[in-house]
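Each chain is listed here by its residues.
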Amino acid sequence: MFRRSAALMDKSGRRFVDNLKVLLSSGTGGDGASIMAHEHGNEFAGPGGGNGGNGGNIMIKCVKDKYDLSHIKQLGTQLKAPDGCCGYAREAHGKRGKDMWLEVPLGTEIIDVDTNEVVYDMNEVGMEVLLLEGGQGGKGNAAFANKWHHSPIESTRGLPGNTMLAQLELKSIADCGLIGYPNAGKSSLLSAISSSKPAVAPYAFTTLRPYIGVLHDLYGNTCRIADIPGLMEGAYENRGLGHQFLRHVERTKTLAFVVDMHSTYTPDPKEPSMEPWDVVALLQCELEYYLPNLSERAIMVFANKMDQEVDTNGRPLVDKLKELTDRVTLPVFPVSAALGIALGPDHKQAGLSAAIQFMCHKVFESKSSERQLLQKRRANEEMQLQKVFEYKNNGIFSFEDDEDHGDSLTESTQSLVDQQLDQLGFSGLGETFDGYEHSIARNKLHEYRDLTMKGKYWRLTRQKGESLRNEKWKSSTRSS
Ligand SMILES: Nc1nc2c(ncn2[C@@H]2O[C@H](COP(=O)(O)OP(=O)(O)OP(=O)(O)O)[C@@H](O)[C@H]2O)c(=O)[nH]1
Ligand SMILES: [Mg+2]
C-alpha cells in the first residue's frame, strides 16, 4: 500500500499529474435590472436599470514554472468562473465576472472529451488562449428606451456560460529524450551535462517524472534534454510506469538510448542480466509498439558506466563495447556519467564531450530543417490570404503605384463599400437608396466581408456606427 502511493510521489511529496479530466464552465452573465429612476421633482425620469455584467471567461496560459497539472487537480474536478453581477439603479452596470486563469506547463494539450478533438496545443511559453467565453450580461430597462418607448419595464436575463468536459494532457516537449532501462544512469547523465539535478540512487524507478535539462552553445542555440523514467519490457502494455511516460517520448524530436554496460536491471535479481545490444533492440521494439515509426527518431546510444573495468560476469567492458558497436547500427558513445558529475564541466575524460557534440549537431540539424519548413508554410499562407483578399475586394486595396494610391485616398470621400458598389454599376446613396439597401450586390458584399475577412479586415469596410445583421440584438429589435 505504502509502495503504491509512494511510487508516484516526487521529492516535494506531491503526486505528479500529467493527465487530468475536468469540467470547465465559464460564468453566467448578470441579469439586467428593471428599475425606474427616482429623481427629485421629476416624476417621469424614465428607466434607470443598468445592464448585467458578463460572466468570467476560462483562460489558459502556458507558463515556464509549472511542470505538471497537480495544482489544477487540487482545485477540484468542476471549475467555474465567477458570474457577472446584475445591473443596478441609476443605470449602474453590474461588474463583470473575474476571468479564471489556468496555468499549464509547456506541452499541454487541451482535448474536448465530447468530440475527442485537440482544441488547443500549448506549445509556446507565454501563450494565452480564451477557452470558454463567459455568458453575456442581460440588458437593463434603460437599454430599451427609445423615442417611441419612453418608460420600458422590460429587461433581459444574463446568458448562461459555456461548459466543456476537458482533458488536459501533458506531453513534455524536448529536443532529445533519454531512453533506457531503470538504473542505466539516465539521471546521472542529465546532471553531468546540464544544470538540472534529478535524483540519482542505486535502485530502479528513482525518477518518477520527466526532468528537462537545457544545453546552451556559444551561438545561443539551446537543446532541451528530457530524462524520462525507466522503461522496461512490456512498457507498451503499461508495465512498469508504462504508458504514462511513453506519452512524454511522443513529442521529443530525437531520442538517445542509455544502456548500462556493467549490469542491466532485471525485475527478478536471480535472472541473468541482459546484454546491452539486446536492451537496445528491446527498447526499439517497445517504442515501435507504442507508436509506429517512433524508434526512427533514435540517433545514438550512450554506453554508460564505462569507468568500470569488467561487468558482473567478469567480462571486460572494452570487449563488450566492441561487440555493441558491431551489433548496433546507431553510433555508440562510451561514457561515464558518474565521472562526468565528479569532474564538473570537464567532459573529455568522461567521454561526454564527443557524445554531446554529436547529439547537439543532430538536434540543431532537425531544428533548422523544421524551421525552414515552417517559414515556407507561413509564407505560403500569407500569399494565399493576400490573393483572396485582393480578389474579394476587386483590387480596391491593391494599389499598383504610390501616386495612384495617394490620389485615390484624397479624392474619394465615399466609404469603401460605396466605392465597390460604384464599380459594380450601382449609384449608391440618393434616389436609389432603397435599391441600394436591398440590392443583391450589397448583401453579397456583406457576406464576403463576413466570411473571408474573419474579423481581420472588416473594420476597413465598415462605416462608422454600422452594424452587421444580427450583430446587435438591440438594433434589430428596434427596427422590428
Ligand atoms: N560506476 C558508475 N555508476 C554509475 C554511472 N552512472 C550512474 N551510475 C550509478 O547508477 C545508479 C543509477 O543511476 P541513475 O542516474 O539514478 O539511473 P536512472 O537511469 O536515472 O534510473 P531510474 O531513474 O530508476 O530509471 C546510481 O547509483 C548511480 O550512481 C557511471 O557512469 N558509473
Ligand atoms: Mg533516473
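Residues numbered from 1 in each chain as written. Chains lettered and ligands numbered in written order. Predicted model: local features only at pLDDT ≥ 70, side-chain atom pairs only at ≥ 80, totals over all residues. Heavy atoms only, no water.

Observations concerning the overall build of the protein
So, point 1. When helices and strands are tallied, the protein shows 14 helices and 14 strands.
So, point 2. Burial status across the protein gives 42% buried among its 480 residues.
So, point 3. Here the protein has roughly 27600 Å² of accessible surface; of this, 51% comes from carbon and sulfur atoms. (Helix = DSSP H or I, 4+ residues; strand = E, 2+ residues; numbered from the N terminus. Buried < 20%, exposed > 50% of the residue type's maximum accessible area, 1.4 Å probe, protein only. Areas by Shrake-Rupley, 256 points an atom, 1.4 Å probe, with all protein chains shown as cover.)

Comments concerning the site of ligand 1
So, point 1. Within the structure, ligand 1 sits among 23 residues, and Lys186, Ser187, Ser188, Phe205 and Thr207 are positioned closest to it.
So, point 2. Contact distances for ligand 1 include 3.2 Å between an oxygen atom and a backbone N or O atom of Ala184.
So, point 3. At a separation of 2.9 Å, an oxygen atom of ligand 1 approaches a polar backbone atom of Gly185.
So, point 4. In isolation ligand 1 has 640 Å² of accessible area, and contact with the protein removes 88% of it.
So, point 5. Of all the secondary-structure elements, those providing two or more residues to the shell around ligand 1 are α3 (186-193) and α7 (337-343).
So, point 6. Counting residues per element, the shell around ligand 1 draws most heavily on α3, at three residues.
So, point 7. Taken together, the residues of the shell around ligand 1 sort by class into ten nonpolar, ten polar and three charged. (Near = heavy atom within 4 Å. Polar contact = N/O pair within 3.5 Å; in protein donor to acceptor, adjacent residues only side chain to side chain. Nonpolar A, V, L, I, M, F, W, Y, C, P; charged D, E, K, R; others polar.)

Some words on the packing of aromatic side chains
Two descriptors summarise a pair of aromatic rings, namely the distance from one centre to the other and the angle between the planes of the rings.
So, point 1. All told, the structure shown has one aromatic pair when counted by the stated rule.
So, point 2. Each ring, one from Phe333 and one from Phe358, has its centre 5.2 Å from the other, and the planes form 40 degrees; the classification is tilted. Of the two residues, Phe333 is situated in strand β14 (residues 332-334) and Phe358 in helix α8 (residues 352-392); the sequence distance between them amounts to 25 residues.
So, point 3. Here Phe333 falls in the buried class, since its relative accessible area comes to 15%. (Phe/Tyr/Trp six-rings, centres within 6.5 Å; stacked < 30°, edge-to-face > 60°.)

Focus on the pattern of salt bridges
So, point 1. Overall, the coordinates contain 14 salt bridges when judged by the stated rule.
So, point 2. With its nearest N and O atoms 3.7 Å apart, the salt bridge here joins Glu128 to Lys61. Here Lys61 lies in strand β2 (residues 58-63) and Glu128 lies in strand β7 (residues 128-132), a separation of 67 residues in the sequence.
So, point 3. Taking the shortest distance from any N to any O, the salt bridge between Lys367 and Asp175 comes out at 3.4 Å. Linking Lys367 in helix α8 with Asp175 in the loop between β8 (163-170) and β9 (176-180), this pair joins segments that are 192 residues apart in sequence.
So, point 4. For Asp175, a relative accessible area of 4% translates into the label buried.
So, point 5. Through salt bridges that share partners, Glu109, Glu169, Lys171 and Glu250 make up one connected network. (Salt bridge = Lys/Arg side-chain N within 4 Å of Asp/Glu carboxyl O.)

Quick word on the pairing of strand β10 (residues 211-216)
So, point 1. Because side chains alternate across β10, one face comprises the buried residues Tyr211, Gly213 and Leu215, and the other comprises Ile212, Val214 and His216, none of which is buried.
So, point 2. In this structure, β10 lies alongside strand β11 (residues 222-227), joined through six bridges in antiparallel fashion. Each bridged residue has a counterpart across the sheet, and for Val214 the counterpart in β11 is Arg224.
So, point 3. Between β10 and the antiparallel strand that follows it, β11, lie five residues; Gly220 among them carries a positive phi value of about 90 degrees. (Pairing = 2+ DSSP bridges.)

Some points on helix α6 (residues 317-327)
So, point 1. Those residues of α6 that fall on the buried side of the exposure criterion are Leu317, Lys320, Leu321 and Leu324. Down the axis of α6, the buried side of the element spans an arc of 100 degrees, and every buried residue falls inside it. Turned more than 90 degrees away from the buried face of α6, the exposed residues are Val318, Lys322 and Asp326.
So, point 2. On the buried face of α6, the contacting elements are β12 (254-260), α5 (276-290), β13 (298-304) and β14. (Arc of directions from axis to C-beta. Contact = heavy atoms within 4.5 Å.)

Topic: the environment of Ala256
So, point 1. The residue Ala256 is located in strand β12 in this model.
So, point 2. Using a relative accessible area of 0% as the deciding quantity, one classes Ala256 as buried.
So, point 3. Remark: the alpha-carbon pair of Ala256 and Leu330, spanning 74 residues in sequence, is separated by 9.7 Å.
So, point 4. With residues near it in sequence (within four places) discarded, Ala256 still touches Cys176, Gly177, Leu178, Ile179, Met300 and Phe302.

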